[in-house]
Amino acid sequence: MDRVRNYLKQALEMTRSCVVVMKYTLNEPVSRTKLEFVSDNVQQLGMNLASLQGGFRLPKDYIHPEDRNGFIDAVSLAAETRTDFTYHVRLVGDDGVVRPVDIRSLYMEYDEDYYLIEYIFQEIVQTGDGEAYNGRHEGERKSIPTKDVFREEEMSELFGCFANAYGLYSTIVDQEGHALIQPVGPDAYLGYYYDMFERPENREIFEAIKRTAMLQDEAVYSELGDGNPDSRVSAVPLVVNGVYLATWMLCAHDKSQTASLRIASREQYHLGELISGYIQRAVIAGKRGESEAEIEKQLEFEIRQKKLLAELQDVMRGNEEDRLHVILSRAAEHLDVDYAFFSLSLREDQKTVTRRDHWSPDGNDSMSALQMDRLREHFTEEEWKRIRKEGCVIDQESMTNRMRVTVFQGMARAVMLMPASTGKEEKGKVCFLESRKERVWSDSEIHFARLIGRMLAETTEIIEMEAARRKGSQTLLSIFHQLTIDVFIRENESGKVLFVNEAMTKHLGMDITGHDSRRLIPGGKEDYESYPGTIHETSQPMETRTWQRYINELGGIYNVTEIPIEWMDGRPATAVLLRSSGN
């Protein structure tokens, strides 16, 4: 037994730790406490073992007076919620030395009358440069790349050579849309191209392009919308180690350049990936002391993350009833957190409603959104405005004792609160929370959480547009049912009948919904030169037009009016109104 006791003492001394167990009476203030056990090595933290064992002092009496009340409050919350937590205090020893200490609280239920809490006191060892043992070192911070990497001469020439090879215009822009390098390309349009990035009226176009490129993490090919029908742009996000640094843009302004851009954009994405990978490998090579296993794990995480973002893009525009919850839950599982929730504002029937939802592995809603209201009280008005715009990241390096007690009640160790914003409109917030273990959020995880916030916001916009479209379609269908003439709606791509009004169903003696519309109006122009065709191109909006033809199913000549519309799910469709020419 003595050998085991000596071994434990040596192990605790090596970790600069000691153990204390306190006994508390149920339904009584935590001040009603008694020392149950204390390890023999408390002297290394300046505490007097004989004084503690004799009941003359309690371990809390050694806590600095400015930290003591907060610690007692935390113990009370631990007793109420039966949760564990870690608290940072200054310990003032009998030797007069002030020591920074982590106190880890482990709740142990005992019986109906009292309970035990085990405390592990661990001294925070200061490094040579004054940083705490759990801080990020300056060398690690320096290894994180910045957008300035693209200003290097060799990097700038690389992008320029690619653009010149295709006769296109190229530049790199940061998140604010400012050019990081001088645009390059043929002189004919160079000044105009540079102006495109600086004119305020064009800023929204590039914001939309960059936003799409970031979410999809792939090249975006788009019109410029500058009045020139031949203007096109191809954009590729440059993301290194999960950090969005810049967007590479290639631009064309005439038919010849547009043809080149279609070919170049395919290679542009691959070159962008190679450049990002090159920078990332340089960053990884510069990180000293990081094991190969950790590097591989991070790369695998980012590959899974990229794949998940692509899958969630499909969820956004899919038919799943609860798309918002699917995005939240899959993001939370990917981040390996134990709680997540969102609060979003949606417009419904000209009113704004708040939709809230949460996710946890067991479906438990113990982490209430009310904790975010308490978090709001922790910051000044100016700080909170910035958080609403940029988000808030709290982890092992930034969690304060006040947050642990007053905000999270000992139930959270790391939190990411991100705005759900489309860039133009703030829709709400999303939060990911970790309570099981101490954690430092990686740059890749923070970047991912920001994208999820934007994705949730854009999904609410899609839901709002779908609701408005359904309401408009239902109103239109109701009007068609009231008409006495024959009306049906067909899908443009397949020609399938999507809707038939009551008058036509009665006229035909059957409901032809789901049938091929060519049963009524056959394809082919050989007999009817005025007939414009049955199925129209979905990429080109069809104008409203009226023409005549004989319809076998209805036994007469009819005036056919075609009106382009969108079906309830957004598919291009055509409303066909049939009036007998004899009326």
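Quick caveat, the model's predicted, so the values are computed rather than measured.

### With respect to the overall build of the protein chain
For step 1, the next point in the chain: A count of helices and strands for the protein chain gives 15 helices and 19 strands.
For step 2, the next point in the chain: With 583 residues in all, the protein chain has 45% of them scored as buried.
For step 3, the next point in the chain: Working note: accessible area of the protein chain is about 30,200 Å², and carbon and sulfur atoms make up 48% of it.

### Comments concerning the sheet that holds strand S6 (residues 169-173)
For step 1, the next point in the chain: The strand order across the open sheet formed by four strands is S6-S9-S8-S7, and the pairing between neighbours is antiparallel. Looking at strand neighbours, the two that pair on one side only are S6 and strand S7 (220-223), the edges of this open sheet. Across the sheet, the mean angle separating the axes of adjacent strands is 25° when strand polarity is ignored.
For step 2, the next point in the chain: Bridging between strand S8 (residues 232-240) and strand S9 (residues 243-252) involves nine bridges; their strand directions are antiparallel. If you follow Val240 over to S9, its bridge partner there is Val243.
For step 3, the next point in the chain: Against the sheet, helix H5 (residues 153-166) contacts S6, S8 and S9, and its axis sits at roughly 25° relative to S9.

### A look at the nonpolar core
For step 1, the next point in the chain: Formed by 36 residues in total, the largest nonpolar core has its most connected members in Ile327, Phe432, Ile452 and Leu456.
For step 2, the next point in the chain: Of all elements in the fold, only helix H9 (292-316), helix H10 (323-335), strand S10 (339-348), strand S13 (414-421), strand S14 (426-434) and helix H14 (443-482) reach the threshold of two or more residues within this core.
For step 3, the next point in the chain: Formed by 31 residues, the second largest nonpolar core is a distinct cluster that contains Met47, Val75, Leu91 and Ile103.

### Re the environment of Leu261
For step 1, the next point in the chain: Within the secondary structure layout, Leu261 lies in helix H8 (residues 255-286).
For step 2, the next point in the chain: Residue class for Leu261 comes out buried when judged on its relative accessible area of 0%.
For step 3, the next point in the chain: The sequence separation of Leu261 and Ala163 amounts to 98 residues, and the corresponding C-alpha distance is 9.5 Å.
For step 4, the next point in the chain: If near-sequence neighbours (up to four positions away) are discounted, Leu261 is found in contact with Leu168, Tyr221, Arg232, Val233, Ser234, Leu250 and Ala252.

### Examining the side chain of Arg99
For step 1, the next point in the chain: Examined against the element boundaries, Arg99 turns out to sit in strand S4 (residues 98-108).
For step 2, the next point in the chain: Classification of Arg99 as buried rests on a relative accessible area of 9%.

### Describing the sheet that holds S4
For step 1, the next point in the chain: Taken together, five strands build an open sheet; the order of strands is S2-S1-S5-S4-S3 and the sheet is antiparallel. Looking at strand neighbours, the two that pair on one side only are strand S2 (33-38) and strand S3 (85-92), the edges of this open sheet. On average, each strand axis in the sheet is tilted by 30° relative to the strand beside it, whichever way the strands run.
For step 2, the next point in the chain: In the sheet, strand S1 (residues 17-25) pairs with S2 via five bridges, with the strands oriented antiparallel. Its bridge partner lying in S2, Val21 is registered against Phe37.

### What about the pattern of salt bridges?
Opposite charge on two side chains permits pairing when their charged atoms draw close.
For step 1, the next point in the chain: Under the definition given, this model contains 20 salt bridges.
For step 2, the next point in the chain: One salt bridge connects Glu562 with Arg545, and the closest N-O pair in it is separated by 4.0 Å. Here Glu562 is found in strand S18 (residues 556-566), whereas its partner Arg545 is found in strand S17 (residues 545-551), with 17 residues between them in sequence.
For step 3, the next point in the chain: A relative accessible area of 1% means that Glu562 is categorised as buried.
For step 4, the next point in the chain: A residue is classified by how much of its surface remains accessible, and Arg545, at 30% relative accessible area, is partly exposed.

### Considerations on unusual backbone geometry
For step 1, the next point in the chain: Residue Asp336 is not a glycine yet carries a positive backbone phi of 60°.
For step 2, the next point in the chain: Here Asp336 shows up in the loop between H10 and S10.

### What to know about H10
For step 1, the next point in the chain: With 13 residues, H10 should cover 18 Å at 1.5 Å per step; its first-to-last C-alpha distance of 18 Å lies within 8% of that length.
For step 2, the next point in the chain: By the criterion of burial, H10 is predominantly enclosed, with 10 of the 13 residues buried.
For step 3, the next point in the chain: Turning to H10, its buried residues number three or more, namely Arg323, Leu324, Val326, Ile327, Leu328, Ser329, Ala331, Ala332, His334 and Leu335.
For step 4, the next point in the chain: Two residues or fewer past H10, Asp336 is found with a positive phi of approximately 60°.

### Re the side chain of Ser343
For step 1, the next point in the chain: By the element assignment, Ser343 lies in strand S10.
For step 2, the next point in the chain: Not counting residues within four places of it along the chain, the set of residues in contact with Ser343 comprises Thr354, Arg355, Arg356, Lys427, Gly428 and Lys429.

### Here we look at a negative patch on the surface
For step 1, the next point in the chain: Together, Glu152, Glu153, Glu154 and Glu157 make up a negatively charged patch on the protein surface.
For step 2, the next point in the chain: In this fold, Glu157 is placed in helix H5.

### Some details on the confidence of the model for the protein chain
Interpreting fine coordinate detail is not advised for predicted regions of low pLDDT.
For step 1, the next point in the chain: When pLDDT is averaged across the protein chain, the result is 77; 77% of the residues are at 70 or more.
For step 2, the next point in the chain: Under a pLDDT of 50 for its full length, residues 523-541 has, in the predicted model, 39 contacts with residues more than four places off or in other chains.

### A word on the pairing of strand S15 (residues 486-491)
For step 1, the next point in the chain: Taking burial as the measure, the six residues of S15 include six buried ones, the bulk of the element.
For step 2, the next point in the chain: Neither face of S15 is exposed, since Asp486, Phe488 and Arg490 on one face and Val487, Ile489 and Glu491 on the opposite face are all buried.
For step 3, the next point in the chain: Relative to strand S19 (residues 572-580), S15 runs antiparallel, the two sharing six bridges. Within S19, the position partnered with Arg490 by the bridge is Thr574.
For step 4, the next point in the chain: Alignment of S15 against strand S16 (residues 497-500), held across three bridges, turns out to be antiparallel. In the sheet register, Ile489 faces S16, and the bridge partner there is Phe499.

### Remarks on the state of the cysteines
For step 1, the next point in the chain: Taken as a whole, this structure holds zero disulfides when the rule is applied.
For step 2, the next point in the chain: Distance from the sulfur of Cys431, which forms no disulfide, to the nearest cysteine sulfur (Cys392) is 9.1 Å.
For step 3, the next point in the chain: You can call Cys431 buried: its relative accessible area is 0%.

Procedures and definitions
- Within any chain, residue numbers begin from 1 and follow the written order of that chain's sequence.
- Thresholds applied to this predicted model are a pLDDT of at least 70 for local features of residues and 80 or more for the giving and counting of side-chain atom pairs; totals over whole chains, interfaces and linings are not thresholded and use all residues.
- Only hydrogens and water are removed before side-chain values are computed, so all heavy atoms of the structure are retained for them.
- Helix and strand definitions here come from DSSP, where helices need a minimum of 4 consecutive H or I residues and strands a minimum of 2 consecutive E residues; each element is numbered from the N-terminal end.
- Buried means the residue's accessible area, taken with a 1.4 Å probe over protein chains only, is under 20% of the maximum for its type, while exposed means over 50%, and partly exposed covers the values in between.
- We get accessible surface area from the Shrake-Rupley algorithm with a probe of 1.4 Å; when it comes to residues, only the shown protein chains can shield them.
- Pairing between two strands is assigned when DSSP locates at least 2 bridges connecting them.
- Angles run from 0 to 180 degrees between N-to-C directions of axes, and those axes are lines fitted to C-alpha atoms, restricted for helices to the stretch in contact.
- Two residues qualify as a contact provided that any one of their heavy atoms is within 4.5 Å of a heavy atom in the partner residue.
- For the purposes of this section, nonpolar cores are sets of buried Ala, Val, Leu, Ile, Met, Phe, Trp, Tyr and Cys residues that join through side-chain atoms within 4.5 Å.
- In what follows, salt bridge is the name for a side-chain nitrogen of Lys or Arg lying within 4 Å of a carboxyl oxygen of Asp or Glu.
- Take the residue count of a helix, subtract one, and multiply by 1.5 Å to get its expected span.
- Two distance rules govern patches: like charges are joined within 9 Å, and nonpolar side chains (Val, Leu, Ile, Met, Phe, Trp, Tyr) within 5 Å, applied only to residues with over 30% relative accessible area and no salt bridge.
- Charged residues are defined here as Lys and Arg on the positive side and Asp and Glu on the negative side; His and the ends of the chain fall outside this count.
- Charge placement uses NZ in Lys and CZ in Arg. For Asp and Glu, CG and CD serve respectively.
- What pLDDT reports is the predictor's confidence in each residue, on a scale of 0 through 100.
- For the purposes of this analysis, a disulfide is any pair of cysteine sulfur atoms at a distance within 2.5 Å.

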